[in-house]
Amino acid sequence: MKKKWYRSNWLKCILVIVLLSSVAVGAVCGTLALAMAKQGYFVWEEDGDTYIKSEGLTSNVFTDVHRILNGLEAERILSSEENGEPDKVIDLQEVYEDKDFTFRNTSGLAYSMNDLKDWSGSFESEDRDEKNVVVCVSTERNEKDYYYYYDEFCNMVRKGDIALELEELELDGGTEEDAVNEILEILQYAEIYNTDFALRSIKDQTRNKEYACIFTLGDEFIAEEYSPVGADNLLDVLNENPNWQGRIIDAYVALEQILARLSGMSEDADLFQANYQEGDTNITYFYADPDERTVYTNRSALAEKAYGSGNYEECLQEISKMDAFTIIKPKLGECVSNMNFGEEQGLMIWQHTLEQEGFLDNYIFAVAVDGEFPIEDSYASINRNYDKYVMLKRPVMTWLILAVALFLISLVWLTVITGRRAADEDIYLNGFDRICTEIVAVILAGCVLPALEVVRLVSYKISSTDKAFLALVTGMGIYTAAVCLVGYLSFIKRVKARTLWKNSVLRRILKIGKELFRKIGKVLEFYSRNTLSKIKLTLLGGVFLLLQFAICGFAFAGSAAWLLLLLLIDCLALLYILWKADGTDKILEGLKRISNGELQYKIPTERLRGNQKAMAEYINNIGGGLDAAVENSLKNERMKTELITNVSHDIKTPLTSIINYVDLLKRENFTDPKICGYLDVLEAKAQRLKVLTEDVVEASKASSGTLKLEMMNLNFSEMLYQVMGEFEERFEQRNLTLMVHLTETPVTICADGQRLWRVLENVFNNVVKYALEGTRVYVQTTPEKGRVVFSLKNISAQPLNFSADELTERFIRGDVSRNTEGSGLGLSIAKSLTELQGGDFRLYLDGDLFKVIITFPLVK
């Protein structure tokens, strides 16, 4: 066979080297590209000549604007004074309805801002109160629930402020105080009604209220560290304030929401204070509300000018003189900028985003960046590296694309040729390829873990472009690619050799499971034979073991060895009993199947012993003898059939000669009437003998099933009309009247046309011979459940003093005196032929009424 160079080993080595080299180049270029993107330089866009005119600067400014606005909003809300008030409050109803804060106690449930700030500093959503709340449900429908802390409730019960009145009952040696303590303990995890535990009533003496039910709310609520404004605790407000009665869940939900929100706001405010104050950043912001005459800016000169003259336009003009600026006036619909947004609608999209997030409203907002970058921040750092990135952009992207292309080409080529050699088409596996698939996956996963560590490092130092970091990324990239390539090529070879599943640990586990299920199936099969007796034996054995252990436990107390030995002996005894029961079941099953006609069935004796085995062998011998007897009977029947066929054939030869010679004699035109009479008698008897011979042969073949049938779809009604037409003249001679009731729709059956004709001919011929003259003959067809039923009824001329089954036996005739012509085989032949064609043939006798019913399946 001609060697194929593209599968050669030297080419495989070259492809591996090219693939790993492309991974190294791609790792370096990808790291540089990500570093550029991380520092705000979009490698796919054509940016300006300087960083101040680039789209990357615009993107970074947009991010900082969000942080600035979030920080300003957080400082506004977190400030301790509002409109000259030293301590402002947060109303929980406003939090629950997600409204703007008015910093006033409008619903009656509010917390001090200072308390909430301190609370949010240590707040975690997982903190839950171990101090359960007891909910008391009033007996009056219109009255809201009343709340107690669990400890408070227990103290009030013990002091008598809340009365748990008990029915008089025997306390089993305890006191009423013990019963109350038990109720209080149960209250921590269950509802208690005033009819439970023999309670007559639950009354709050201080409130003069009676409760229908009390229950606790456990760790659903956060731990309360501070109290609401004007109250000792939250429950006081919920119990006394009409706006909050019965709304404990709403109150705790709103409280948790505001604490989580203030916690986030604190982080935004800290970030804002640390990074966006004057002297910390090159970015300038100006945020003013003309209606309220408030200004927020990180430039003191702008603040003095805005508050001094009140003319914001001068401030905006000064900002517009900076190298990169954006000014938005939502109220006037003005939006001015000299930044690079990358697309025409970029500025409008930026403005729309800020408005949707609720930052602008009617405020005037301006932001700018000093192109000189006098302050050392992220903008200054990116600006210094900008020229280097501009030079690297095109080479990096070119080499990255080239590396990806070479990687894909090498990988596809190796995929096609791996596992094959240049000289043949066989698949070759090495030792590594024969290791279990899941084990290989675990090994490779363990080897790739260092690469995951590199990914973690890259996530922290993605902007780094120093040589040491690039060398680390390159080395780990090559290592990871080599490990993954080994696993991938092994996977491809396994798929080609069709050993991926064959060498799988999962397959072995499933195989063991399958074997286990097979064993379980055998146990179930074992119990399925004579199930009741085996279950009885098992239960009796279990009861016996239980009683035995109960008795022996006292006799051999402290002797575990004797008990284990006894258990082993009992288990062996139970297994022996079940094994013997299974042998009995096999013998019973064999007897059942042999009695049902499976004479060749043999009881398996491999696992039988002793008397059971001997009994099974005797039964097998009986079955064999019966089978031999049946076989001998069938053989005798076949010999009879062959004898009848051969004798009939031998009779037909001289009979044909007799018929022919009689015919020749009649042609001599004898004038003697006596001789002519003898010839007529001789011809009639010869013809009758011929018919009898043919009937005997056909009856023999029909009963033995040796006839060849040519089955086809036939119109049964049409064939009936044809047969009745053939017999019309003979019916008239016997003065018989046909009453025909056939279905109007065509009735199609599958049968042999010649044999079906013979069946109908025999039954109609039987009517002509034996029906009482001057009577009616009824012919009817009826479709019934996918079958067609044909019935033929007539009145017999002779008394029917025998059974219907006797008439279908051979040589049985309705004329006991045998004065009529016939062989006694017509109905027998008709029945045999009907059954051979898949039909059913039945006779019914009722006094002198003779009825034939023939049934065939309908063809759809």
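Preceding this section is the structure that the text describes.
For clarity, every value in this text was computed on a predicted model and none was experimentally measured.

Draft legend 1. Highlighting the packing of helix α4 (residues 113-121) against helix α8 (residues 248-275). With their axes 9 Å apart at the nearest point, α4 and α8 run at an angle of 75° to one another. Put simply, α4 runs roughly perpendicular to α8. Contacts between α4 and α8 pair M113, L116, W119 and S120 from the former with L255, I258, L259, L262, S263 and S266 from the latter. Taken together, the residues that form the contact of α4 with α8 break down as seven nonpolar, three polar and no charged.

Draft legend 2. Expanded view of a negative patch on the surface. A surface patch of like charges, here negative, comprises E152, D232, D236 and E240. By secondary structure assignment, the location of E152 is in helix α5 (residues 150-159).

Draft legend 3. Region of interest: the pattern of salt bridges. Overall, the coordinates contain eight salt bridges when judged by the stated rule. The salt bridge involving R842 is made with D840; its shortest N-O contact spans 2.9 Å. Its relative accessible area of 46% is what places R842 among the partly exposed residues.

Draft legend 4. Structural view of the packing of aromatic side chains. Here the structure, examined in full by the defined rule, presents 14 aromatic pairs. The interplanar angle of 55° and the centroid separation of 5.1 Å between the aromatic rings of Y146 and Y148 together place this pair among those described as tilted. Where F716 meets F856, the ring centres are 6.4 Å apart and the plane angle is 55°; that geometry is what we call tilted. Of the two residues, F716 sits in helix α20 (residues 716-733) while F856 sits in strand β20 (residues 849-857), which places them 140 residues apart along the sequence. Exposure class is identical for F716 and F856. Each is buried. In this arrangement the basic side chain of R247 is found over the ring face of W244, its NZ or CZ atom lying 4.2 Å from the centre. In this arrangement the basic side chain of K793 is found over the ring face of Y778, its NZ or CZ atom lying 5.7 Å from the centre.

Draft legend 5. Quick peek at the packing of α5 against helix α6 (residues 176-186). α6 packs onto α5 with a crossing angle of 165° between their chain directions and a minimal axis gap of 11 Å. In this view, α5 runs roughly antiparallel relative to α6, as classed from their interaxial angle. Like other packed secondary-structure pairs, α5 and α6 cross with a definite hand, here right-handed. Where α5 approaches α6, its residues Y150, F153, C154, V157 and R158 are matched on the opposing element by V180, N181, L184 and E185. Per-class residue counts for the contact of α5 with α6 are six nonpolar, one polar and two charged.

Draft legend 6. Spotlight on the nonpolar core. Membership of the largest hydrophobic core comes to 38 residues, with the highest contact counts inside it found for F716, V763, F764, F790 and L792. Sorting the residues of this core by element identifies α20, β16 (748-752), α21 (753-770), β17 (776-784), β18 (787-795), α23 (826-836), β19 (840-846) and β20 as the ones contributing at least two each. If near-sequence neighbours (up to four positions away) are discounted, L792 is found in contact with V763, F764, V767, V777, Y778, V779, F850, K851 and V852.

Draft legend 7. Main features of the sheet that holds strand β9 (residues 283-289). With antiparallel pairing, five strands are arranged side by side in an open sheet as β10-β9-β13-β11-β12. The outermost strands of the open sheet, each flanked by one partner alone, are β10 (294-297) and β12 (334-337). Put simply, the sheet's adjacent strands are angled 5° from each other on average, direction ignored. Sheet analysis places β9 next to β10, joined by four bridges and oriented antiparallel. Paired with Y287 across the strands is Y296, a residue of β10. In this fold helix α2 (residues 55-78) packs onto β9, β10, β11 (324-329) and β13 (364-369), with an angle of close to 45° to the strand it touches most, β9.

Criteria and thresholds
Residues numbered from 1 in each chain as written. Predicted model: local features only at pLDDT ≥ 70, side-chain atom pairs only at ≥ 80, totals over all residues. Heavy atoms only, no water. Axes fitted to C-alpha atoms, helices over the stretch in contact; angles between N-to-C directions. Helix = DSSP H or I, 4+ residues; strand = E, 2+ residues; numbered from the N terminus. Parallel < 35°, antiparallel > 145°, perpendicular 65-115°, else oblique. Contact = heavy atoms within 4.5 Å. Nonpolar A, V, L, I, M, F, W, Y, C, P; charged D, E, K, R; others polar. Patch = residues over 30% accessible without salt bridge, like charges linked within 9 Å, V, L, I, M, F, W, Y side chains within 5 Å. Areas by Shrake-Rupley, 256 points an atom, 1.4 Å probe, with all protein chains shown as cover. Salt bridge = Lys/Arg side-chain N within 4 Å of Asp/Glu carboxyl O. Lys, Arg positive; Asp, Glu negative; His and termini not counted. Charge placed at Lys NZ, Arg CZ, Asp CG, Glu CD. Buried < 20%, exposed > 50% of the residue type's maximum accessible area, 1.4 Å probe, protein only. Phe/Tyr/Trp six-rings, centres within 6.5 Å; stacked < 30°, edge-to-face > 60°. Lys NZ or Arg CZ within 6 Å of the ring centre and 35° of its normal. Left-handed = near helix turned anticlockwise from the far one by under 90°. Core = buried A, V, L, I, M, F, W, Y, C linked by side-chain atoms within 4.5 Å. Pairing = 2+ DSSP bridges.

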